[in-house]
Amino acid sequence: MSHPATAWQQFLISQGAQYNPQGEASFPAATAHAQLFDLSSDGLIAISGADSQTFLQGQVTNDIKQLAQGAQFNGYCTPKGRLLALFYTFSVEDVIYLQCPRALVPDLVKRLRMYVLRSKVLIEDASEKFNRLGLASEDLAQRIPDLPEQAHQLIKTDQGILIRQADSGAQQRAQLLVSAEQAQAVWQSLRTTFTPASTAAWEALEIEAGIPQIYAATKEQFVPQMVNLDALNGINFKKGCYTGQEIVARTHYLGKVKRRTLLAQLPASSQAPQAGDALQDAQAQEAGQLVRVAADALQGGWVVLAECRLESKEAGAILWQGQPLAFKELPYTLP
């Protein structure tokens, strides 16, 4: 790892984990029907204070006033409507949390603070406040009796904050946010019925669910609709002004979006594909770029989300380094 291991990571290393420089855990390969994931490679930004809701309403694409109904996706854009981040957003005890890759958190905290001005708002890096665990199995509702019925619904349990996630094929999924003090005990408890699995396997489930992400390599590359944020109910077109709103609204009201993010597979290769890698059409013309990538443990190769020029896809193959993408159906309908 490029940074000293945290106390939590040291604990998981004692449980058999290994970490890569991105802070993603891997465990000895094991076939399991119920899997437990360390999601500490994600970070959290906490927004609190009397004006926090009003402040954030002017910054992100979704309607923050609807957080009481459950977690939601949000885009955070430049004035030109280009995504700086995708947030998975939820509220706990009057604090709004923005979840995104941990590596982006320091710069995003700094940028958000620039716009506070005289508002009663406190913006903090809360990545160490909770440990984030992923849970997946085909019978998760039987294993976790408290599991909410609908995706993105949130409840408080004895173990922490439980948020139902979008299913990934037959896999039911949830995220559990546990206080740092409880985390080790909760992990040991869950291990009696769940098998630790690699963060990359959770990434693959996210991709299969059609959920995009923004990384340092892809900042300011996409308008929200290009990564299907509208299909994920991550844009509210009636909420009023926010940074980049004019471009996002124009893209919506002027008709069909010409570029979309699609689900695909790539065969095994000597070089690993990366988010931000360019895609070409059969004539070697620019056709898009990779949005999110994970190893496909079941079929080999890679499962990817690829932002594509739809006209290029309709005309023929889309290629990454000469390899054609094998496209699959997204689990949701594009507008």
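Residues numbered from 1 in each chain as written. Predicted model: local features only at pLDDT ≥ 70, side-chain atom pairs only at ≥ 80, totals over all residues. Heavy atoms only, no water.

Undergrad: An account of the packing of helix 1 (residues 7-14) against helix 5 (residues 183-190) is requested, with residue identities and associated values reported.
TA: Two measures define how a pair of helices packs: the angle their axes make with one another and the distance between the axes. Close contact between helix 1 and helix 5 brings their axes to 11 Å; oriented N to C, the two are set at 30°. Compared by their axis directions, helix 1 and helix 5 come out roughly parallel. Handedness of the crossing formed by helix 1 with helix 5: right-handed. Contacts between helix 1 and helix 5 involve Ala7, Trp8, Phe11 and Leu12 on the former and, on the latter, Ala183, Gln184, Trp187 and Gln188. (Axes fitted to C-alpha atoms, helices over the stretch in contact; angles between N-to-C directions. Helix = DSSP H or I, 4+ residues; strand = E, 2+ residues; numbered from the N terminus. Parallel < 35°, antiparallel > 145°, perpendicular 65-115°, else oblique. Left-handed = near helix turned anticlockwise from the far one by under 90°. Contact = heavy atoms within 4.5 Å.)

Undergrad: Account for the packing of aromatic side chains, with residues named and values stated.
TA: Using the criterion set out here, one finds 10 aromatic pairs in the structure. Look at Phe73 and Tyr88: their rings are 5.2 Å apart centre to centre, the planes differ by 50°, and that puts the pair in the tilted class. Here Phe73, found in strand 5 (residues 72-77), pairs with Tyr88, found in strand 6 (residues 83-92); they are 15 residues apart in sequence, far enough to count as distant. Assessed through its relative accessible area of 13%, Phe73 is described here as buried. Since its relative accessible area comes to 7%, Tyr88 is described here as buried. The structure contains a cluster of three or more aromatic residues connected by ring pairs, namely Phe73, Tyr88, Phe90, Tyr97 and Phe130. The ring centre of Trp202 lies 4.7 Å from the NZ or CZ of Arg173, which sits over that ring. Lys313 extends its terminal NZ or CZ atom over the ring of Phe327, reaching a point 5.0 Å from the ring centre. (Phe/Tyr/Trp six-rings, centres within 6.5 Å; stacked < 30°, edge-to-face > 60°. Buried < 20%, exposed > 50% of the residue type's maximum accessible area, 1.4 Å probe, protein only. Lys NZ or Arg CZ within 6 Å of the ring centre and 35° of its normal.)

Undergrad: Let's hear about the pairing of strand 17 (residues 302-309): which residues, and what values?
TA: Summarising burial for strand 17: seven of the eight residues are buried, a large majority. The pairing of strand 14 (residues 259-266) with strand 17 spans eight bridges and is antiparallel. Directly across from Leu266, in strand 17, lies its bridge partner Trp302. Direction of pairing for strand 16 (residues 286-295) relative to strand 17: antiparallel, over a ladder of seven bridges. Each residue of the ladder has a partner; that of Ala295, found in strand 17, is Trp302. (Pairing = 2+ DSSP bridges.)

Undergrad: Can you explain the environment of Lys129? Please cite residues and give values.
TA: Relative to the assigned elements, Lys129 resides in the loop between strand 8 (122-125) and strand 9 (130-137). Each C-alpha atom, one on Lys129 and one on Leu44, is 8.5 Å from the other, the two residues being 85 residues apart in sequence.

Undergrad: Any details on the side chain of Gln59? Residues and values, ideally.
TA: Within the fold, Gln59 resides in the loop between helix 2 (52-57) and strand 5. Gln59 gets classed as buried once you look at its relative accessible area, which sits at 7%.

Undergrad: Give a description of helix 1 that names residues and reports values.
TA: All buried positions along helix 1 are accounted for by Trp8, Gln9, Phe11 and Leu12. Each buried residue of helix 1 lies within a common arc of 155° when the element is viewed along its axis, so the set occupies one face. Residues of helix 1 that are exposed and angled more than 90 degrees away from the buried face: Ala7 and Ser14. Where helix 1 is buried, its residues meet strand 1 (18-19), strand 3 (34-38), strand 9 and helix 5. Gly16 lies just past helix 1 and shows a positive phi near 105°. (Arc of directions from axis to C-beta.)

Undergrad: I'd like a rundown of the nonpolar core, residues and numbers included.
TA: Judged by nonpolar contacts, the single largest core of 54 residues is most densely connected at Phe90, Tyr97, Leu279, Val304 and Leu325. The biggest single contributor to this core is strand 17, with six residues. When sequence neighbours within four positions are dropped, the list of residues in contact with Phe90 reads Leu44, Leu67, Ala71, Val95, Ile96, Tyr97, Gln99, Leu154, Ile163 and Leu177. (Core = buried A, V, L, I, M, F, W, Y, C linked by side-chain atoms within 4.5 Å.)

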